[in-house]
Amino acid sequence: MKLKNKIIGGAITTASALSVVLIIAIIIVILVVTIIGGKEKISWEFLTAFPRDGMMKGGIFPAIYGTALLVIIMSIAAVPFGTITAIYLSEYAHEKSWLAQTIRFAVRTLATVPSIIFGLFGLGFFVQFVGAGMDNWFLGGQLKWAQPNLLWGSLTMALLTLPVVIVSVEEAIRTVPRELREASLALGATKWQTIKKVVIPGSISGIMTGTILAVSRGAGEVAPILFTGAAYSLATLPTSVSDQFMNLGYHIYVMSTQSSNVDQTLPIQFATTLVLLMLTFTLNLAAVLIRSSLRRRVK
Amino acid sequence: MKETKIVTRDLTLHYGQKMALNTINIPIPEKEVTAFIGPSGCGKSTFLRCLNRMNDLIPSVKITGEILIDGLDIYRKKIDVVNLRKKIGMVFQKSNPFAKSIFENVAYGPRINGVNNLKALTEIVERSLKNAAIWDEVKDRLHDSALGLSGGQQQRLCIARTLAVEPEIILMDEPASALDPISTGKIEELIFELKKDYTIVIVTHNMQQAARVSDHTAFFYLGELVEYGKTRKIFTTPEKKQTEEYITGRFG
């Protein structure tokens, strides 16, 4: 019996060690392949210039810029909304009320919806319904908002990342000890004062982490912006939320599907992938660092 | 006996179906220390938390009867619970300073009351820390995190934080149960000082502590108030057999 336990234990240890090695190996292989594939293209010019010669030369600056704008506007929409929802769920709603349960169910469902569905929803709701409505009401039918643009792309992406924000903020709020809330209430603070001065500061690391996870998710997704705002190629940078934008993920998609000259586009794809990987990697690293430094400060 | 500050009339409390307090009638005198003793689960902490309506936070709690403070029922419909809690401070079993500086911990109460003038705040903080007998230990590091203080210091800081709101009553829920004997001694001295200005209600597990610090003692058992009277009398010639058995350590 003892021997059997020992064998099973040993097998599980080995299996978990192998899994860890495998995961690290996969990441390394992805990195190495992209670096080798894209190294001849990566340069200062690649990061800072516009594409030229049918996107075969030059850089991808508009895609980097567009991605940055996308995630910024997306965060402005998703983080406050998600935080408020999380506060409602954990502080105000009764755990078993139908409203809270409905919201929780909706959040869970939203998290599992395929991203292309968000794209279609964005097209149908934001572009064709809200946008067309705005044009009809405010511009007398003139076409401005009823087409894909930065705003609709960002809002569609915000819907996709909302569950990430809600879940991480709610978890962070739950880690604020009951004793601290009671201390605040016992001093005569109102519920809102307690939330504002004790609960939110106590869960700031969760809010930051949620934001960064949402941003890195949003930076990598393509499907939601496919019909709602991303452009194939633009000669100028977007200057208004009603402009279309270029995007790193979409750029990779375009490069890999819209050209017959694979030898020429492959290095650009790899280089763009590398930029995108570095971006998400940096953001995730930032999330980890912020979390640990805030945790240290609280202790 | 001094004037009565708090009176309960047939106070009964249920957690869901379970009765936790059964028709409690007790007068608590002003500017004296009243101690609640009894074995775990006897309802003494629950009773304490009725006095500043902290039990409101628990949805399943149902309360009947009255609690009169200065003659007014604190469970009547129109009462402003937030104002009530400003008048009735509370010190918890586990010290619970905010993850803020020592200064900001004490300034928390005044700030939520709209005091934002730094000079006024500084005065309140200094006075409160002095009254809580911790000023000399922290005056050079007011802007350091309160979480760097020792357990005993944190608890006195929490008392200072309570004093800063200028309450009339201070409820203490086993304030020294997590502290070493020296820190406990300091808290007890502090309670002795504070009763000149405040009505103090303290829940304690420690009978010696009740005997040392309180003027009146109430013995709770299974949600009922078994006996209530002068501390000296409760500890020397209790009227009820249960009280005597608990005090002499035969159960609990």
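Residues numbered from 1 in each chain as written. Chains lettered and ligands numbered in written order. Predicted model: local features only at pLDDT ≥ 70, side-chain atom pairs only at ≥ 80, totals over all residues. Heavy atoms only, no water.

Asks: Pulling in residues and values, what's your account of the overall build of chain A?
Replies: Scanning chain A from N- to C-terminus turns up 12 helices and 2 strands. Listing every helix and strand of chain A by position from the N terminus yields α-α-β-β-α-α-α-α-α-α-α-α-α-α. Summarising its shape, the C-alpha atoms of chain A cover approximately 70 × 65 × 35 Å along the three principal directions. Sorting the 299 residues of chain A into buried and exposed places 42% on the buried side. Considering only intrachain contacts with a sequence separation of at least 6, the fraction spanning at least 24 residues in chain A is 72%. Total accessible area on chain A stands at roughly 16,000 Å², and carbon and sulfur atoms take up 70% of it. Across chain A, the mean location of the 23 positive side-chain charges is 12 Å away from that of the 13 negative side-chain charges. (Helix = DSSP H or I, 4+ residues; strand = E, 2+ residues; numbered from the N terminus. Buried < 20%, exposed > 50% of the residue type's maximum accessible area, 1.4 Å probe, protein only. Contact = heavy atoms within 4.5 Å. Areas by Shrake-Rupley, 256 points an atom, 1.4 Å probe, with all protein chains shown as cover. Lys, Arg positive; Asp, Glu negative; His and termini not counted. Charge placed at Lys NZ, Arg CZ, Asp CG, Glu CD.)

Asks: For the sheet that holds strand β3 (residues 33–37) of chain B, give the residues involved together with the corresponding values.
Replies: Remark on secondary structure: sheet strands pair via backbone hydrogen bonds, oriented parallel or antiparallel. Residues and elements named next belong to chain B. Taken in spatial order, the 6 strands make up an open sheet running β6-β7-β8-β3-β9-β10, and their pairing is mixed. Of all the strands in the sheet, just β6 (88–91) and β10 (224–230) have a single pairing partner and so form its edges. The mean inter-strand angle of the sheet, taken between neighbouring strand axes irrespective of direction, is 15°. Of the strand pairs in this sheet, strand β7 (residues 169–173) and strand β8 (residues 199–203) are connected by 5 bridges, and their pairing is parallel. In the sheet register, Met172 faces β8, and the bridge partner there is Ile202. (Pairing = 2+ DSSP bridges. Axes fitted to C-alpha atoms, helices over the stretch in contact; angles between N-to-C directions.)

Asks: Before we move on, can you summarise the side chain of Gln155 of chain B with the specific residues and values?
Replies: Relative to the elements of secondary structure, Gln155 of chain B occurs in helix α6 (residues 151–163). In contact with Gln155 of chain B, other than residues within four places in its own chain, are Val91, Phe92, Gln93, Lys94, Ser95, Pro175, Leu179 and Ile187 of chain B.

Asks: Requested: an account of the packing of helix α3 (residues 61–92) of chain A against helix α6 (residues 150–174) of chain A, with residues and values cited.
Replies: Residues and elements named next belong to chain A. At a minimum axis distance of 6 Å, the contact between α3 and α6 shows a crossing angle of 40°. As α3 packs across α6, the resulting crossing turns out to be right-handed. Partitioning the contact of α3 with α6 into residue classes produces 20 nonpolar, 7 polar and 3 charged. (Left-handed = near helix turned anticlockwise from the far one by under 90°. Nonpolar A, V, L, I, M, F, W, Y, C, P; charged D, E, K, R; others polar.)

Asks: Could you give an account of the pairing of strand β1 (residues 4–15) of chain B, with specific residues and numbers?
Replies: All names here are of chain B. One ladder, built from 8 bridges, connects β1 with strand β2 (residues 18–29); its direction is antiparallel. The partner of His14 across the bridge, within β2, is Met19. Linking β1 back to β2 in an antiparallel pair, the connection comprises 2 residues, with Gly16 at a positive phi of about 60°. Alignment of β1 against strand β4 (residues 61–69), held across 8 bridges, turns out to be antiparallel. Directly across from Val7, in β4, lies its bridge partner Leu68.

Asks: Please provide a residue-by-residue account of the packing of aromatic side chains, values included.
Replies: A full pass over the atoms with the stated rule returns 14 aromatic pairs over all chains. Ring geometry for Phe126 of chain A versus Trp152 of chain A: centroids 5.7 Å apart, planes at 10°, classification stacked. Placement of Phe126 of chain A in helix α5 (residues 115–138) and of Trp152 of chain A in helix α6 is noted, with a sequence separation of 26 residues between them. Here Trp152 of chain A falls in the buried class, since its relative accessible area comes to 2%. A ring pair is formed by Phe219 of chain B and Tyr221 of chain B, whose centres lie 6.4 Å apart and whose planes are at 10°; its orientation type is stacked. For Phe219 of chain B, a relative accessible area of 0% corresponds to the buried category. Pairwise contacts between aromatic rings join Phe121, Phe125, Phe126, Phe129, Trp145 and Trp152 of chain A into one cluster. Across the ring face of Tyr108 of chain B, the terminal group of Lys197 of chain A is positioned such that the distance to the ring centre comes to 5.1 Å. When the ring centre of Phe98 of chain B is taken as origin, the NZ or CZ atom of Arg161 of chain B, which lies over that ring, is 4.5 Å away. (Phe/Tyr/Trp six-rings, centres within 6.5 Å; stacked < 30°, edge-to-face > 60°. Lys NZ or Arg CZ within 6 Å of the ring centre and 35° of its normal.)

Asks: Break down the interface of chain B and chain A for me, with residues and values.
Replies: Taken together, the contacts link 23 residues of chain B with 17 residues of chain A. Carbon and sulfur atoms make up 64% of the surface buried where chain B meets chain A, a total of about 1,800 Å² over both sides. The largest share of the area that chain B buries against chain A comes from Phe98, Tyr108 and Ile112 of chain B, three residues that together contribute 29% of it. Joining chain B to chain A, the criterion identifies 1 salt bridge. Scanning the region where chain B abuts chain A turns up 5 residue pairs in polar contact (both at pLDDT 80 or more). Only α2 (81–87), β6, α3 (102–112) and α6 of chain B provide two or more residues apiece to the side of chain B that touches chain A. Of the residues in the side of chain B that touches chain A, the class split is 12 nonpolar, 4 polar and 7 charged. (Buried area = accessible area lost by both parts, 1.4 Å probe. Salt bridge = Lys/Arg side-chain N within 4 Å of Asp/Glu carboxyl O. Polar contact = N/O pair within 3.5 Å; in protein donor to acceptor, adjacent residues only side chain to side chain.)

Asks: Go over the confidence of the model for chain B, please, and point to the residues and values.
Replies: Looking at chain B, the pLDDT average stands at 91 and 98% of residues meet or exceed 70. We note a pTM of 0.81 for the whole complex and an ipTM of 0.90 for its interfaces. (pLDDT = per-residue confidence, 0-100.)

Asks: Outline the packing of α3 of chain A against helix α9 (residues 204–220) of chain A, supporting the account with residue identities and numerical values.
Replies: Residue and element names in this part refer to chain A. The N-to-C vectors of α3 and α9 enclose an angle of 140°; their axes lie 9 Å apart at closest approach. It follows from the interaxial angle that α3 and α9 lie oblique. Read as a crossing pair, α3 and α9 show a hand that is right-handed. Contacts between α3 and α9 involve Thr67, Leu70, Val71, Met74, Ser75, Val79 and Thr83 on the former and, on the latter, Ile207, Thr211, Ala214, Val215, Gly218 and Ala219. Tallied by class, the residues present in the contact of α3 with α9 amount to 8 nonpolar, 5 polar and no charged. (Parallel < 35°, antiparallel > 145°, perpendicular 65-115°, else oblique.)

Asks: Give me the pattern of salt bridges: which residues, what numbers.
Replies: One side chain can pair with another of opposite charge once the charged atoms of both are near each other. All names here are of chain B. Taken as a whole and judged by the stated rule, the model has 22 salt bridges over all chains. Of the charged contacts in the structure, one is a salt bridge between Lys5 and Asp70, with a shortest N-O distance of 3.1 Å. With Lys5 in strand β1 and Asp70 in the loop between β4 and β5 (72–73), this residue pair connects regions lying 65 residues apart in the sequence. In this structure Lys5 comes out as buried when scored by relative accessible area, which is 5%. You can call Asp70 partly exposed: its relative accessible area is 41%. In this structure, a network of salt bridges that share partners links the residues Lys5, Asp70, Lys87 and Glu168.

Asks: Which residues make up the pairing of β7 of chain B, and what values go with them?
Replies: Residues and elements named next belong to chain B. In terms of burial, β7 is largely enclosed, as 5 of its 5 residues are buried. Pairing of β6 with β7, which is carried by 4 bridges, proceeds in the parallel orientation. In the strand pairing of β7, Ile88 is matched with Ile169. Each parallel crossover has a hand, and for β7 linked through helix α7 (residues 181–194) to β8 it is right-handed. (Right-handed = clockwise from strand over helix to strand, strands pointing away.)

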